[in-house]
Structure formats: structure tokens, C-alpha cells
Amino acid sequence: MSTPSIQKVVLITGSTAGIGRATALHLARLGNHVIATGRKLDLLEALRREALAEGPGRFDIALLDVTNPASIAHAAAEIETLTGGHGVDVLINNAGFGYAGPLAEQDDAAVRAQFETNVFGLMAVTRAFLPAMMRRRAGRIVNVSSIGGRVTFPFFGAYHGTKYAVEAMSDALRYELQPFGVDVVVIEPGPIKTNFGDTAMTKIGAFAGSPYAPAIAQADAIRQQFEKRAAPPEAVAKVIGRVLAQRRPSARYAAPFYNGAIFLLNRVTPTFVWDWAVRRLGRLTPEHLGVTAAPPAAPVPTPAPAQRATSTHAVN
Amino acid sequence: MATKSKIVLITGATAGIGRMSALHLARLGHHVIATGRKVGELQKLSAEAEGERLKLDVVELDVTSADSIATAVAAVDQLTSGHGLDVLVNNAGFGVLGPTSEISDGEMRRQYETNVFGLMSVTRAFLPRMRERRAGRIINVSSVGGRMTLPWFGVYNSTKYAVESLSDALRYELKPFGIDVALIEPGVIRTNFEATAVAQLDAFADTPYGPALGNYEKMSKQADRFASNPIVIARAIARAVNARRAAARYVAPRFNRMIFVMQAMVPTRIWDWSMRRIGHLTPKHLGLAERKEPALLEATKAS
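Residues numbered from 1 in each chain as written. Chains lettered and ligands numbered in written order. Predicted model: local features only at pLDDT ≥ 70, side-chain atom pairs only at ≥ 80, totals over all residues. Heavy atoms only, no water.

Participant: In this structure, what is going on with the overall build of chain B? I would like to understand it.
Facilitator: Each helix and strand counted, chain B has twelve helices and seven strands in total. Relative to the globule expectation of 19 Å for 303 residues, the C-alpha radius of gyration of chain B, 21 Å, shows essentially globular dimensions. Each principal axis of the C-alpha atoms in chain B carries an extent, and together these give about 80 × 40 × 35 Å. Among the 303 residues that make up chain B, the fraction classed as buried is 56%. (Helix = DSSP H or I, 4+ residues; strand = E, 2+ residues; numbered from the N terminus. Rg over C-alpha atoms; globule rule 2.2 N^0.38 Å. Buried < 20%, exposed > 50% of the residue type's maximum accessible area, 1.4 Å probe, protein only.)

Set out below in C-alpha cells:
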């Protein structure tokens, strides 16, 4: 174990389960003053009991719903008191979720709900805790994005949309906050054993009557393909722990690191091959969907030169 | 014209890229349905098209209003005798400039309403007819800024990054139904975009970024020297409309692709450094004392 770095005040959103919870415990073990936040008080209290049973460090909890401005203001005031006016050294924007479903069939409300938490909520929390960092000319913002923030898979279009947005926002914040001594880091987890999958599936029933029904029927099989490669949330917590210890962190960390291979694969694969592969993965083929291939009334396009080229080929 | 005439609807066609594309596509022989919020501008466009005897209809459409979208769908059904669209060009969009953390929740949402949620609502509305016919094409006008972020453009960039990803998912998911999805990625283009974006900068005078804002206008004028004519984008859109199989992305002008190559090759620290120079995000420009290393500072205090 390396010598524990100077104790930092770390606030984590969405820490009642999954990556947030594992990260809260891990950072507390490293000697930080953790403020674990979330929407469910009973789960937060259980987390605090678990943390305090392990050691004498300082571990606080606060109710925080990132989609509720009143809740954010209330938590900010509470934390101001908890830290004696210091504010937080590190803000970990971890709260986030996705609903699975064919994008064009997902209704406006479902798309918006994901942006509320993953994008607007993240920015609202950032705006609330940033001023103290800028005044001190020191601080760090860690945004938990996803490998899906730079690569898109079928049936998670809206979720990916939110994470792509977080990537761009983090880039701009990184440029703009550096002169004020505030670092901005993006964590990109791959498949992780969390509630993500369960939450994602909650609205899948809505598409049973859609043209995607045959693919949806195999959603569980698709999910298993992903989840058999899933890492435990502690693997992401460790990466975040290292980011906190770094004097000058990098802009992005895939977590676990080997998930970064997907970006390389995406870059070197021609789009038509990549598309073909992910459509197979998502059962998005005419055969699976029971779609008749031939378009009915479309007249044959007649660009003369192109046709000549084709017939020449046929002769050769 | 050799290519088959298609029914093409364009959103945000009252100015800039949208207007230019509407006229260009109509001149190529397509039946264009130009839409936008400003009835006066639409009428002017209609008159111009009539003067050239182009097949161009205008329909009022506010992409942020569900009622307006429903009315437009009905109007299009009537105009096309129930056929619907062959091609939907989601072009409506705008950007508000400013330090990302200083842009208010309301301003941020306003951009998402048009650039993201509006785009999706319009797409959902015109998709069913395409899917019935197992043929159609959706062309989303994103930006070079949909794959690279500039300082001061964070919120705008994030809406375009979102559009890139949404388009990827739609491309996978609509392909089995014979519907192509293509992205147009314009670089710096001479439109109202910059004027719209810069006009709001004064709002940030009282923020810690105040001292750097004045320099921004200078930078904007510099960027204007590189700006291309919107006709370049109209031609790219026409390529995407006419292609037998649309590509996933069309960068326009094409040399702007160099930006992505550069971004992939340049180490992040160097990229960031130059971005901060471009945005005048240096301690000197911001009137800050030289940056003290925070970790060191705290270590000294602790010992």
C-alpha cells in the first residue's frame, strides 16, 4: 500500500449502490473524508454503518437527488456546515442510469429522464460545488461516464447520447477550469456488475408490440453476452482511488483499463464492418426481425453510367 | 438531372445552411418542403423558389413544439398524398456560447430542446411512413464540434456529441427497415451561428471569466477568415440525399477531417494547452496570479 495521500473531502453522488457505493468504501479506506450521497436514506445509513465498522475515519452521508434543485441546495448547505466552510476537494459525479430500447420507439419522457440525471443533474451538482473549489484555486471533478461515452451500441441510444454529452462537457470544463486549479477527469467503465442492467430493463416491456419485438424477446440473451465480461464495481473504485492520488491526472481513464481496447477497435474497423457486427450483436437483421427485404413500390434508380459499370463487371 | 426526384423536408430552413440547402436541393430537381418558425422568412423563400419555378413548399414548424410537429406531419401527408417523406434533414440547431460552468440550467436546456429533443421528436413523427415503405433517409446536421470540443462551446458541443451518438444508434436500428441515417459535420461556416453565439457573451462579464471575454471577439473574427460558404454544406447534404447508400458521416468542407486526425495524434496535454490558448484561458488573460500547485500547497500546510 502506498502511503495514504493527504486526506481529502470527497463527495460522491449515487452512492447507494454499484460503483458509487464501492467507491465510497474504497476512498474511505484510503483515509479520505467521504460524503456519500444518494436518494435513499436507509441505504445511505447502512453504508455508513459498514464504513464506520471498518475504521475510525470520517464518513458522512447526505440526501441528494441530482434532479432536484432544492435537494441540491439543501445538500450544499449541509456540506458547507459539515466541512466548516471548506467545501469539497473532490466531486465525483457518479449518479446515472440508462433505459434500454430501440431509440426511435423510446418516448420523449424516457429520453428526457436519462438526460435529467446524467447530464442536467451532473451539471447542476457541478455548479453547486464548484465555486468553493475555484475560490481555493484547487479541486477535482471526476465524472463517471462510460466506454459508451465514445462508442455507441444498439438499444442504448439515449443512454449513449447522455454519456457522449458528458464527454464533451468534461472536455470544455477541463480547458476552462485548469487556470483555476481545478482538474476534470472522466472515468469510462466497461460492463460492471451493478444494478445497471436491471434498471435498463425496467421499460423494455413497452416495446413488445413494436417492430423490434423479435429482437427484444432476446434481450436477456444479449444482456448475458455483455454481463459475462462484467468486472466488479471495486475495479472502478480502485481506478478512482488512483486518480485522486495523482498530482496531475489524465483526462480519461477506461476502467478496468483493458476496456480501452474497444476504442482502438472502433477506430480501426471500417464503419460498414462495425455496423454489421453491432447489428448482429443486437439481433438487428431482417431475418431476426422478420422484415421482408424487398421494398415494395420503389422504382429502380437509373443512373446510366453506374449501370454500364455493373454490366461490364458481369461480362468480365 | 439523372438522380430520382425525392421528397425532402428540411428543418430550420429560414436561414443559413438550411435555406441554402433547400434551394440547392430544389434546383437539383427534388421536391423540397422547407420548414421553420418564421412565416415571413418562409414566404420570402417560397417567392424566391417560385421565381425559379422550383418545386418547393413551405410549412411552419417549430421543432420544440409537439403541436407544431403534429400539424406539420398532417400538412406533409396532404402535400405528398399520404406518401410521407423520402428524406428528412434535421438541420434546426443553435449554440449559446459561454464558460460551461457559468451557463445557467435554463440556457443549457434551451439548446437541448432544439438540438437534441426537438431532433428526436421530429424524427419520431416522420419515421412511421418511411418504415411502412421500408425506404427512407434521415440526415442529421451535426458539426465538426460533434467530435471535438472547443472552450466556451461546451454545452453546444455536448448537444452535438449527443446527436452523433443518437445517429449511430438510429443507423444500426433503422437499417433493417431500409432507412439510412447520415450525419453532416460542417466546420466553420459563414452563417448567423457566430453572431447568435457571441451576442450572449456579455452575460458572463461578472463571472471569473470576465477578463477573457473581450479577447473572444477577436478570436471569432480570426475564425471568420477560415469560414466557408454554406453552399459547401448544401452540396454535402445533396451528396447524402442522392447517394444510393448514404455514408455514416460527411465532413464538409472535406479538409476539416484533418482536425480529427490531429486530435487523434496530438497528446492531450498539448491539445489542451493549445485549446486554452485559443480560448484565452491563461492566468494572464484571466487576471489570475500565477497558478500555485494545489497539492504542494496543501502538503506544506499539513506539515
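Participant: What am I meant to see in empty space enclosed by the protein here?
Facilitator: Evaluation of the coordinates by the stated rule reveals two cavities of 30 Å³ or more. Put simply, the largest cavity is a space of about 50 Å³. Along its surface, the largest cavity is lined by Thr11(B), Val63(B), Asn90(B), Asn91(B), Ala92(B), Thr114(B), Asn115(B), Leu119(B), Val141(B) and Lys160(B). Considering every element that reaches the lining of the largest cavity, the biggest residue donor is helix α4 (residues 105–133) of chain B, with three residues. Residue composition of the lining of the largest cavity, by class: four nonpolar, five polar and one charged. The dominant element in the lining of the second largest cavity, judged by the number of residues it contributes, is helix α4 (residues 108–136) of chain A, at three residues. Broken down by class, the residue content of the lining of the second largest cavity amounts to three nonpolar, five polar and no charged. (1 Å grid on protein atoms, 1.4 Å probe; cavity = no way out; pocket = protein on both sides within 12 Å on 5 of 7 lines; lining within 4 Å. Points joined across faces, edges and corners; volume = space filled by probe spheres on them. Nonpolar A, V, L, I, M, F, W, Y, C, P; charged D, E, K, R; others polar.)

Participant: I would appreciate a short explanation of the pairing of strand β1 (residues 9–12) of chain A in the present structure.
Facilitator: The two faces of the sheet receive side chains in turn, since in a regular strand these alternate between them. All names here are of chain A. Every second residue of β1 is oriented toward a common face, with Val9 and Leu11 on one face and Val10 and Ile12 on the other, all of them buried. Pairing geometry for β1 and strand β2 (residues 33–38), over four bridges, is parallel. Opposite Val9, over in β2, you have His33 as the bridge partner. Crossover β1 to β2 through helix α1 (residues 18–29) is right-handed. (Pairing = 2+ DSSP bridges. Right-handed = clockwise from strand over helix to strand, strands pointing away.)

Participant: When you look at unusual backbone geometry in this model, what are you seeing that I'm missing?
Facilitator: Generally, phi is negative for residues other than glycine and the peptide bonds are trans, each holding for most cases. A cis amide bond links Ala255(A) with the next residue in sequence, Pro256(A), at an omega value of -15°. Within the secondary structure, Pro256(A) is located in the loop between β7 (252–255) and α10 (261–268). In this structure, the amide linkage connecting Ala252(B) to the following residue, Pro253(B), adopts the cis form with an omega of -10°. Residue position: Pro253(B) is located in the loop between β7 (249–252) and α9 (257–265). For Ser81(B), which is not glycine, the phi torsion reads 50° and is therefore positive. Its place among the elements puts Ser81(B) in the loop between α3 (66–79) and β4 (87–90).

Participant: Would you explain the interface of chain B and chain A in this entry?
Facilitator: Where interface size is given, it is often the accessible area lost as the parts come together that is meant. Contact with chain B, which involves 63 residues of that partner, is made by 67 residues of chain A. For the chain B and chain A pair, buried surface summed over both sides reaches about 5600 Å², with 62% attributable to carbon and sulfur atoms. Interface area lost by chain B to chain A is led by Phe117(B), Tyr172(B) and Glu173(B), which between them contribute 13%. Counting every contact that joins chain B to chain A gives seven salt bridges. (Contact = heavy atoms within 4.5 Å. Buried area = accessible area lost by both parts, 1.4 Å probe. Salt bridge = Lys/Arg side-chain N within 4 Å of Asp/Glu carboxyl O.)

Participant: So what exactly am I meant to see when it comes to the pairing of strand β6 (residues 179–186) of chain B here?
Facilitator: Residue and element names in this part refer to chain B. Of all eight residues that make up β6, eight are buried, and the element is covered over most of its length. Relative to β6, strand β5 (residues 136–141) is paired through six bridges, and the arrangement is parallel. In the sheet register, Val141 faces β6, and the bridge partner there is Ile184. Following the backbone out of β5, through helix α5 (residues 154–174) and into the adjacent parallel β6, one traces a crossover that is right-handed.

Participant: Honestly, the packing of α4(B) against α5(B) in this entry has me stumped. Any pointers?
Facilitator: Each packed pair of helices is defined by two parameters, the angle between the axes and the distance between the axes. Residue and element names in this part refer to chain B. In the contact formed by α4 and α5, the axes pass within 9 Å of each other and the chain directions differ by 15°. The angle between α4 and α5 places the two elements in the roughly parallel class. Handedness of the α4/α5 crossing: right-handed. In contact with Met108, Gln111, Tyr112, Asn115, Val116, Leu119, Met120, Thr123, Leu127 and Arg131 of α4, α5 contributes Val155, Tyr156, Ser158, Thr159, Lys160, Ala162, Val163, Leu166, Leu170 and Leu174. Each residue belonging to the contact of α4 with α5 can be placed in one class, and the counts come to 13 nonpolar, five polar and two charged. (Axes fitted to C-alpha atoms, helices over the stretch in contact; angles between N-to-C directions. Parallel < 35°, antiparallel > 145°, perpendicular 65-115°, else oblique. Left-handed = near helix turned anticlockwise from the far one by under 90°.)

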